[in-house]
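The residues making up each chain are set out below.
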Amino acid sequence: MKKRIRKVAILGSGTMGGGIAALLAAAGIRTYLLDIVPRELTDKEKAAGLTTDSPAFRNRIADGNKALLLKSKPAQFQTKADADLVTTGNTEDHIGVLAECDWVVEVVPEVIEIKKAVLKNIAANIKPGTFVTSNTSSISINKIVEDMPLEFRQHWMGTHFFNPVRYMKLLELIPGKDTLPEVVDFFADFGERVLGKGIVYAKDTPAFVANRLGNWAGPSACKLMLELGLTIPEMDALTGSAIGRPGTGTFGLFDMVGVDIAVLSCVEVKHNVTDPVEQALYTPADFLQKMLDKGILGNKTKGGFYRKVTVDGKKVKEVIDVNTFEYGPFVKPDLPSLAAAKAAKGVPAKVTSFFEGDDKGAQFVWRHLTGLFLYAASKIPEVADDILNMDRALNWGYNHQMGPFQLFSALDLPKYIARMKAEGMAVPAWIDEMLAAGITSFYKTEAGVDYYYSIPDKKYVPVAVSPAAIILPKLKAENKVVASLGSGTLYDLGDGVLGLDTHSMANCVTADLFDTLAAAQAELAKPEWDGMVISGAGKDFMANATDFFTMMNLANDKKWDDIDAILKKGQTVLSANKYSLKPIVTAVKGKALAGGADFITQCSAAQLLGETYAGHVELGFGLIPAFGTLRESILNVNARLALSKDAFPAPFVQYEFENIAQAKVGTSGKDTRKLWGRPTDGISLAEEFLITDAKKRVLDMVEAGYCAPIKNVPFKAFGESFVSVLTVGTRGMMLAGVISEYDWEILRTIVNVYAAGGVIKGAEINETYIEDLEREGFLKLIGNQKTLDRIMSMVTKGKPLRN
């Protein structure tokens, strides 16, 4: 189906509607965010002279929700400028805009009568072939449209996003019985490629997939807690990171989302399943209902399962007694099984330690995890067609590191299935059949391709991936590795593009990484290559800043020349990235800190994942950036000055200085681009296509006849007098107690580089001169014991710079 989404109307401007609008804005898609007209004027509106015909009154709900969206934490918009792509209105005066839209999303209250009425209004105002979807989390997709014409139903389906929309990867697609297959295919591709979501295909069953499994866990945990005599803190420890789930645990999560929401979610499923046995699985514990009756709802009521009180001037954490509903002291869990799990490495090893234990914590984990596993196994194909969709729903919708089949696939499956049977648990026949065929794992990887066990096919089938996605393990299996280097692997990405995937020590910038980069640049110089993509292995590009720990040790040994050599090597290879005759594009995701941010600044172009957080944090270590950051900053100022002959440099210098001096870290890919990149740098919302997009950028640059910038073109120094405002301003901060005297010394070191070491205004200098000043300032600071103490402090605070 050839169709593009250019405009979207969202009916319902609350948390989910606004979140969807913000996500679409991140993708550059304009939306109309509409809501109902308020029933009556407020006293404030009356005092302002508004009437029921005033737009400010009629659009109040959508306007107010957009304002809240702009203030939300964590931020839903990638940048505040994205909010300009969201136009608010109401469903009476502005319903006509639906005719302009390619897609209409219904996000109104979870009442089927309301939804049906809204859909009739939508149908009367859209052009034929318009997609209409619902974000419902619980109401049958087919029942909502049972009264609608066939053409409408053919372009109708469920698109269930998860909150917060920007950060939660899951998008459940729920086709109706009349939905055209090409409509489902379109949203699968659009959701993944454009919006960056992970697609789970769900059936039109109660709560779909993620909430069906996720809501099973709460009543199970409560029931087992009471049976085994576990405490609330023990339960949260057992259901958190110890088994690969979010660290809040069960009751910490209830406090965060609200006890009322947790109960309502379970009750919704209970009321929509018909089997009495299954209804019992979703029946909330009695103590949860009593907490609702007493108004003990969690963080929003300043108390739920936990609360904080002030005792003798100190904040103290207390925990509720679910029998008396009185609060008492928080007692740290102390179970042998927890200690064993903590010592184990990785989720499978942790869970195995529980399964092999015998205390009440071990009993809980065994019964809870096997219960979820067997329940999920019994719901295929009713809820979803396969194990892959079951696992992904919990991975992406509930942040479980491993879904039930992924987990048991990593364990001794035959052994634990035998134990389940010995304890009288009902194991689905398809699992027995699988094991009898000699297949002892639900997943496998061969030749870089991931496979999962298909129940109807009775064999492994490949996990479907887009042909456009570049999968590095697959390239490795296809003998596309060009070279294995100390801190990276070189791949042939195809079409004459080289790929360097970095995997440096402790995910930070090291001297060995610079050697690896130099080797990659030497390979790139060969005639068979037209350009290169640099990516980072793991979830972050460079999460642990620069290897200041090694530099600290060298400073303690007074090996100043060795430190200078590392700095010079970094300046040289990063500058070579920028001035390469062949385009080099960095594909950056997650954190890119300190020297990691230089990979964005010093290249031909950058392709940034939407969730990229980059910045220079060197000041926190008592140091200044010294791999060419200040050189690039000064060149940025000169580029701006060149656009206006008589411009005064101070404002431009101040902007650049503040970004570094305040250790600003981009809060998104777009924010990072504004702080450290170029306006032409690309943004990808889909991590799976980040390297693909970066490769395309290389090819586009080659096709356009890429011409590299010229290095070391002389330019004129600003002069100390033009940057003195920075010295005066930062000294005022020091005198006011905002920064310490030593912080001021660090900032003066940066100012000295901007001032070109104090040379007169207009003196001709070049990049090499600025690089020398960077290294000189860095060496001066790292020779100070206060800086060495700061670096050591960062290590002892649990922020290791190397492992």
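Residues numbered from 1 in each chain as written. Predicted model: local features only at pLDDT ≥ 70, side-chain atom pairs only at ≥ 80, totals over all residues. Heavy atoms only, no water.

Peer 1: How should I be thinking about the overall build of the chain in this particular structure?
Peer 2: The secondary structure content of the chain amounts to 34 helices and 23 strands. For the chain, whose C-alpha radius of gyration is 29 Å, the value lies close to the compact-globule estimate of 28 Å for 803 residues. Dimensions of the chain along its principal axes, counting C-alpha atoms only, are 85 × 70 × 70 Å. Expressed as a percentage of its 803 residues, the buried residues of the chain come to 54%. If you take every contact in the chain between residues at least 6 apart in sequence, the share linking residues at least 24 apart comes to 70%. (Helix = DSSP H or I, 4+ residues; strand = E, 2+ residues; numbered from the N terminus. Rg over C-alpha atoms; globule rule 2.2 N^0.38 Å. Buried < 20%, exposed > 50% of the residue type's maximum accessible area, 1.4 Å probe, protein only. Contact = heavy atoms within 4.5 Å.)

Peer 1: Looking at this structure, I do not really get the sheet that holds strand β13 (residues 449-454). What am I missing?
Peer 2: In a beta sheet, neighbouring strands pair by backbone hydrogen bonds and run either parallel or antiparallel. An order of β12-β13-β14 is seen for the three strands of this open sheet, with the pairing classed as antiparallel. The open sheet has two edge strands with one neighbour each: β12 (443-446) and β14 (459-462). The sheet shows a mean angle of 35° between the axes of neighbouring strands, direction not considered. Here β13 pairs with β14 via four bridges, running antiparallel. (Pairing = 2+ DSSP bridges. Axes fitted to C-alpha atoms, helices over the stretch in contact; angles between N-to-C directions.)

Peer 1: Explanation requested: the nonpolar core in the structure shown.
Peer 2: If you look at soluble globular proteins, the nonpolar side chains tend to sit buried side by side. Formed by 112 residues in total, the largest nonpolar core has its most connected members in F287, F305, F405 and W430. Per element, the largest residue contribution to this core is ten residues, and it comes from helix α17 (residues 360-378). What W430 contacts, discounting residues up to four positions off in sequence, is A377, I380, I387, F405, F442, Y453 and I455. With 81 residues, the next largest nonpolar core counts L517, F541, L635 and V653 among its residues. (Core = buried A, V, L, I, M, F, W, Y, C linked by side-chain atoms within 4.5 Å.)

Peer 1: Would you take a moment to explain the sheet that holds strand β9 (residues 306-311) for this structure?
Peer 2: With antiparallel pairing, three strands are arranged side by side in an open sheet as β9-β10-β11. Edge positions in the open sheet fall to β9 and β11 (327-329), since each of these has one partner strand only. The average angle at which neighbouring strand axes cross in this sheet is 50°, direction not considered.

Peer 1: Is there a simple way to think about the pairing of strand β6 (residues 156-161) in this case?
Peer 2: Taken residue by residue, a regular strand's side chains alternate between the two faces of the sheet. Most of β6 is tucked away: six of the six residues are buried. The two faces of β6 match: W156, G158 and H160 on one face and M157, T159 and F161 on the other face are all buried. Strand direction decides the pairing type here: strand β5 (residues 131-134) and β6, joined by three bridges, are parallel. Within the sheet, the bridge partner assigned to S134 lies in β6 and is G158.

Peer 1: Is there a simple way to think about the side chain of R775 in this case?
Peer 2: If you trace the backbone, R775 turns up in helix α33 (residues 767-782). Within the structure, the side chain of R775 is placed 3.1 Å from the side chain of D772, a separation counted as a polar contact. What R775 contacts, discounting residues up to four positions off in sequence, is D564, L567, K568 and Q571. (Polar contact = N/O pair within 3.5 Å; in protein donor to acceptor, adjacent residues only side chain to side chain.)

Peer 1: Would you mind going over a nonpolar patch on the surface with me for this structure?
Peer 2: A surface patch of nonpolar side chains, about 320 Å² in accessible area, is lined by L253, M256, V257 and I261. Among the elements that make up the nonpolar patch, the one with the highest residue count is helix α11 (residues 249-257) (three residues). As for its position among the elements, I261 is in helix α12 (residues 259-272). (Patch = residues over 30% accessible without salt bridge, like charges linked within 9 Å, V, L, I, M, F, W, Y side chains within 5 Å. Areas by Shrake-Rupley, 256 points an atom, 1.4 Å probe, with all protein chains shown as cover. Salt bridge = Lys/Arg side-chain N within 4 Å of Asp/Glu carboxyl O.)

Peer 1: What is the right way to look at the pattern of salt bridges in this model?
Peer 2: When their charged atoms lie close together, side chains carrying opposite charge are able to pair. With the rule as written, the count across this model stands at 44 salt bridges. The salt bridge partner of D385 is K203, with a shortest N-O separation of 2.9 Å. Taken together, the residues D385 in the loop between α17 and α18 (387-398) and K203 in the loop between β8 (198-201) and α9 (210-228) connect sequence positions 182 residues apart. Under the relative-accessibility criterion, D385 is labelled partly exposed at 45%. For K203, a relative accessible area of 27% puts it in the partly exposed group. The network of salt bridges with shared partners includes K578, R631, E632, K711, E767 and E771.

Peer 1: Before we go on, may I ask you to explain the packing of aromatic side chains in this structure?
Peer 2: All told, the structure shown has 32 aromatic pairs when counted by the stated rule. Relative to F187, the ring of F186 has its centre 5.5 Å away and its plane inclined at 85°; by these criteria the two rings are edge-to-face. Of the two residues, F186 and F187, both sit in the buried class. When the centroid spacing of 4.3 Å and the interplanar angle of 25° are considered together, the rings of F373 and F408 count as stacked. A residue pair is termed long-range when its members are at least 10 positions apart, and F373 in helix α17 and F408 in helix α19 (residues 404-409) qualify at 35 residues. Assessed through its relative accessible area of 0%, F373 is described here as buried. Of the aromatic side chains, those joined through ring pairs into one cluster are F355, W366, F373, F405, F408, Y416, W430, F442 and Y453. A cation over a ring is seen here: K3 above F131, with NZ or CZ 4.2 Å from the ring centre. (Phe/Tyr/Trp six-rings, centres within 6.5 Å; stacked < 30°, edge-to-face > 60°. Lys NZ or Arg CZ within 6 Å of the ring centre and 35° of its normal.)

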